[in-house]
Amino acid sequence: MLAKIYSGSVLGVDGMMVEVEVDLARGLPIFSIVGLPEGSVRESKDRVKAAINNCGYDFPNKRITVNLAPADVKKSGSGFDLPLAIGLLAASETLESDILDDYLFIGELSLDGTLRSVPGILPVTLAARKKGLKGVIVPRANQLEAAVVSEMEVYGFDDLPQIVEFLRGAASPDPVKAELATDSGTQLIGEPDFSEVKGHEDIKRALEIAASGGHNVLMKGPPGSGKTMLARRLPSILPELSFEEALETTKIYSIVGELDPEVALVTRRPFRAPHHTISDAGLVGGGRNPRPGEISLAHNGVLFLDELPEFKKHVLEVMRQPLEDGSVTIARASQSLKFPARVMLAAALNPCPCGYLGDSRNECNCSPTQIQRYQGTISGPLLDRIDIHLEVAALPFNEMNDNRQGESSTAIRERVNRTRKIQEQRYQSYPAIHSNSQMGPKQIERHCQLDDSSTRLLEKSVEKLGLSARGYHRILKIARTIADMEDSRKLQMSHLAEAIQYRRV
């Protein structure tokens, strides 16, 4: 007898429907799975057989053939255990149900029939809704994640017998509903706050501009000047995630298995700070079975690279295309996958290996060759893609000893939100643009017009600083953000002058 069950897998960051066809025929008792199964899928035969037997059902002693369609795409993961078990029970007529075609089944089985969580539930549930299915049946640990998708019935179960009873109509549990908590904009207890940062008012102003326009930022200064402390507080002043952005971010964390089972949706902008020993595949994604890297895990948030020159040169260079396009394309012989990577890059570095080049209080012991080799790790094209360059000086004693609290992240964030709302209204007709940093040449020409005096100032700056066309555009984008912060429709000379100083380093 033949049974068909719907299941799903992940391809890139999107869910893919997989039809599990189970056929029982006379012959020697052989259990074969076809349809390009990876090792974890082939191993499911033993888990499924033990789970069925240990739950008190009869495992069919026949020739079993399972096809995972479409058969030309590789299938990986342990999520096919549950649909295989249901398919075998249905094909052997142990389970008779009229609703098998209405639901998608996914989950890993332990040997006693208990269901274990699997990654990628959210994108698979979205694929099921697109297919027009009524609902999904998942492990209880994944139920909140699946319930994020509206217009879908989500049922979470603990073991295989519970699902069998539900399909037979002997049990009627209520579908799971997820209460989607949104980012209220308030600071969590213990969360880094800008009020803890002493001094550095000029740097705080620059970081507010960066957050308001989504601009990349580079901080250069001696050890202990506060670069890392400032960078770790950037997420606290970024605007709240929209539901669409939260859904995109949650999909990525679901795929890599980093989603908290108690959290239905990622509502805070991510902050990722990989170590400088990371590989290029770890940073931008890839591997034998391509998966998202740190730059994709920071999607809609902040990617912080501390001690930038300590990263391997080829690792830094692979970031150039994602920073420009907002996505990473991983090409393989059999397939090409695209991972989202719209991030705000924050980087920090010392001016030299010892860190004290140009410091008035400490003497630099590095030779010119060491300094050149250290700074040469970062290429010009990569630096050109960083909008705001900042010199972070060491704090004097009187500022370090000042007991007054600085402005809170909540107050700064309110201003950032107002500025972002101006940009949202401006770019309503451009779905791919969410902030000033994402403007293209047409948008720059339309929204960054200069008067004659401002044009002459920009011309002198481009010639003196030796800026590229990309650097020229970056100055205009920053100036547009500064103007938005002051709710000015036109770019003024003061906006442009402030933007130019952030490209001087």
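None of the values given here were measured: they were computed from a predicted structure. (Residues numbered from 1 in each chain as written. Predicted model: local features only at pLDDT ≥ 70, side-chain atom pairs only at ≥ 80, totals over all residues. Heavy atoms only, no water.)

## Observations concerning the packing of aromatic side chains
Inference 1: Following the criterion strictly, the structure yields seven aromatic pairs and no others.
Inference 2: A centroid spacing of 6.0 Å and a plane angle of 80 degrees characterise the contact between Tyr-103 and Phe-166, whose relative ring orientation is edge-to-face. Pair noted here: Tyr-103 is in strand E5 (residues 103-105) and Phe-166 is in helix H6 (residues 160-168), with a separation of 63 residues, a long-range link. The exposure classification of Tyr-103 matches that of Phe-166, with both residues buried.
Inference 3: Consider the rings of Phe-157 and Phe-166, whose centres lie 5.6 Å apart with planes at 45 degrees: the pair is tilted.
Inference 4: Classification of Phe-166 as buried rests on a relative accessible area of 8%.
Inference 5: Cluster of aromatic residues (ring-pair linked, three or more members): Tyr-103, Tyr-155, Phe-157 and Phe-166. (Phe/Tyr/Trp six-rings, centres within 6.5 Å; stacked < 30°, edge-to-face > 60°. Helix = DSSP H or I, 4+ residues; strand = E, 2+ residues; numbered from the N terminus. Buried < 20%, exposed > 50% of the residue type's maximum accessible area, 1.4 Å probe, protein only.)

## Thoughts on unusual backbone geometry
Inference 1: Geometrically, the link from Ala-69 to Pro-70 is a cis peptide bond, its omega value of 5 degrees lying close to zero.
Inference 2: As for its position among the elements, Pro-70 is in the loop between strand E4 (63-69) and helix H3 (81-91).
Inference 3: The backbone of Glu-151 sits at a positive phi, close to 65 degrees, despite the residue not being glycine.
Inference 4: Looking at the element boundaries, Glu-151 is found in the loop between helix H5 (143-146) and strand E9 (153-157).
Inference 5: If you check the backbone angles, Glu-307 has positive phi at about 55 degrees while not being a glycine.
Inference 6: Turning to its location among the elements, Glu-307 is positioned in the loop between strand E12 (302-305) and helix H12 (313-317).

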